Amino acid sequence: MPLTEIKAEIPAATADAIEEVLLEQGQDGWSLREDALARRAWLLGIFASEAEARAQWSALAQRLPPGACGPPAVRELPESDWRDSYREHFKAWQFGRLHWVPVWERPRFQLPPGDAVLWLDPGLAFGTGNHETTRLCVERLVGLAERKPRFSVVDAGCGSGILALSAVLLGAGDVAAFDNDPEAVRVSMENAELNTLEDRVPFFVADLGAGLAGRQADVVLANIQADVLMAHAAALVAAVAPGGALVLSGILATEGAAVRRHFESAAPRWASDARTMGEWSDLALVRPA
């Protein structure tokens, strides 16, 4: 599947400011590349088509400092190029007894006795576990599983399927997962097949409102940007079963206090707890039994 790369050089001194814009806006598909020795930097995007790349560029350019970028270069990117690019950034990691390992490392990986492994090939979908927002969710999930051996899960915004599939390996008996991006759902289903879990999780395309409608689970996971979480607070809270937990991530640390106030107002008398990892924070709320 050929993709489109759009790339523009930026002054190295503006890289931090531009990265902050990407974080604040939740701009998927974009990344920064820097050469510290040469003191050069580039803004790089990878999208499904040239039309999408140019539309995303137009939207992003309006939020950048004046004169921050020159005209972008656009080229078709062969599949081998983008696969090699994302593989450079996905490394095996573990938390507790659960390991998340790139499938291309399968021939060399040695699983310790008693541990479990989830093989992943994320493609363009978000969710390798190498990002702080995913790690925050995974650590919460592992902790919840240790306290409750059988539980149900709804994964809202499933990305690569990492959270939903991890829940199955941790003992969840009823797991459902959805994303508004068809590509994310496709990748999630492929990762389920890699782990012979294709019959354990129904992945489907839906936005938050439709995906949560009529559903309730012991654990509801949502690794989505803060403004979207707050806009759907009522639906997220309603989806948590009595005694269950709502785990939210994708929240910039600078937004954490506002998100916590918003959800504590939407779920009064629920216990709440927040953590920070790098520039990101999470929020866990527990519904009274």
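Our structure is the block above this text.
Notes on the structure follow. (Residues numbered from 1 in each chain as written. Predicted model: local features only at pLDDT ≥ 70, side-chain atom pairs only at ≥ 80, totals over all residues. Heavy atoms only, no water.)

## Concerning the overall build of the protein chain
Looking only at helices and strands, the protein chain features 10 helices and 14 strands. Taken over 289 residues, the protein chain has a buried fraction of 47%. Counted over contacts in the protein chain with a minimum sequence separation of 6, partners at least 24 positions apart contribute 64%. For the protein chain, the exposed surface amounts to about 13700 Å²; the carbon and sulfur share of it is 51%. (Helix = DSSP H or I, 4+ residues; strand = E, 2+ residues; numbered from the N terminus. Buried < 20%, exposed > 50% of the residue type's maximum accessible area, 1.4 Å probe, protein only. Contact = heavy atoms within 4.5 Å. Areas by Shrake-Rupley, 256 points an atom, 1.4 Å probe, with all protein chains shown as cover.)

## Some remarks on the sheet that holds strand E13 (residues 271-277)
Spatial strand order, E10-E9-E8-E11-E12-E14-E13: 7 strands in an open sheet with mixed pairing. One side of each edge strand has no neighbouring strand; the edge strands of this open sheet are strand E10 (203-205) and E13. Each adjacent strand pair in this sheet contributes to an overall mean axis angle of 15 degrees, direction not counted. Pairing of strand E9 (residues 174-179) with E10 involves 3 bridges; the strand directions are parallel. Pairing of Phe178 across the sheet is with Phe204, part of E10. (Pairing = 2+ DSSP bridges. Axes fitted to C-alpha atoms, helices over the stretch in contact; angles between N-to-C directions.)

## Points about the packing of aromatic side chains
With the rule as written, the count across this model stands at 3 aromatic pairs. Pairing Trp93 with Trp100 gives two aromatic rings, centres 4.3 Å apart and planes at 20 degrees, and the pair type is stacked. Taking the relative accessible area as the measure of exposure, Trp93 reaches 7% and is therefore buried. Taking 5.8 Å as the distance between ring centres and 90 degrees as the angle between the ring planes, the aromatic pair formed by Phe109 and Trp119 counts as edge-to-face. Here Phe109, found in the loop between strand E6 (98-102) and strand E7 (116-120), pairs with Trp119, found in strand E7; they are 10 residues apart in sequence, far enough to count as distant. (Phe/Tyr/Trp six-rings, centres within 6.5 Å; stacked < 30°, edge-to-face > 60°.)

## Details of a negative patch on the surface
A cluster of acidic side chains, namely Asp16, Glu19, Glu20, Glu34 and Glu279, defines a negative patch on the protein surface. A per-element tally of the negative patch places helix H1 (residues 15-25) first, with 3 residues. Looking at the element boundaries, Asp16 is found in helix H1. (Patch = residues over 30% accessible without salt bridge, like charges linked within 9 Å, V, L, I, M, F, W, Y side chains within 5 Å. Salt bridge = Lys/Arg side-chain N within 4 Å of Asp/Glu carboxyl O. Lys, Arg positive; Asp, Glu negative; His and termini not counted. Charge placed at Lys NZ, Arg CZ, Asp CG, Glu CD.)

## Focus on the environment of Ser188
Mapped onto the elements of the fold, Ser188 is located in helix H6 (residues 182-194). On a C-alpha basis, the gap between Ser188 and Cys158 in space is 7.4 Å, while along the polypeptide they are 30 residues apart.

## Things to note about the sheet that holds strand E5 (residues 93-95)
Reading across from one edge, E5-E6-E7 is the order of the 3 strands in this open sheet, with mixed pairing throughout. Where the open sheet ends on each side, the last strands, each with one partner, are E5 and E7. This sheet shows a mean twist of 20 degrees between the axes of neighbouring strands, independent of strand direction. Here E6 pairs with E7 via 5 bridges, running parallel. From the neighbouring strand, Pro102 faces E7, where its bridge partner is Leu120. Of the strands in this sheet, E6 and E7 touch helix H5 (residues 162-169), which is tilted by about 155 degrees from E7.

## Regarding the pairing of E6
By the criterion of burial, E6 is predominantly enclosed, with 5 of the 5 residues buried. Here E5 pairs with E6 via 3 bridges, running antiparallel. Bridge pairing in E6 links Phe95 to Leu98.

## Here's the deal with the packing of helix H4 (residues 132-147) against H5
Contact geometry for H4 and H5: axes closest at 11 Å, N-to-C directions at 20 degrees. Our classification of the angle between H4 and H5 gives roughly parallel. The crossing of H4 and H5 is right-handed. Of the residues in H5, those touching H4 at Thr134, Cys137, Val138 and Leu141 are Ile162, Leu163, Ser166 and Ala167. (Parallel < 35°, antiparallel > 145°, perpendicular 65-115°, else oblique. Left-handed = near helix turned anticlockwise from the far one by under 90°.)

## Digging into the pattern of salt bridges
Taken as a whole and assessed by the stated rule, the structure comprises 11 salt bridges. For Arg275, the salt bridge is made with Glu139, and the minimal N-O distance between the two is 3.1 Å. Of this pair, Arg275 sits in strand E13 while Glu139 sits in helix H4, placing them 136 residues apart in sequence. The class of Arg275 is partly exposed, set by a relative accessible area of 26%. Of the charged contacts in the structure, one is a salt bridge between Asp273 and Arg140, with a shortest N-O distance of 2.8 Å. Here Asp273 is found in strand E13, whereas its partner Arg140 is found in helix H4, with 133 residues between them in sequence. For Asp273, a relative accessible area of 35% corresponds to the partly exposed category. The buried category is assigned to Arg140, whose relative accessible area is 14%.

As far as function goes, none of this settles anything; it's purely spatial.
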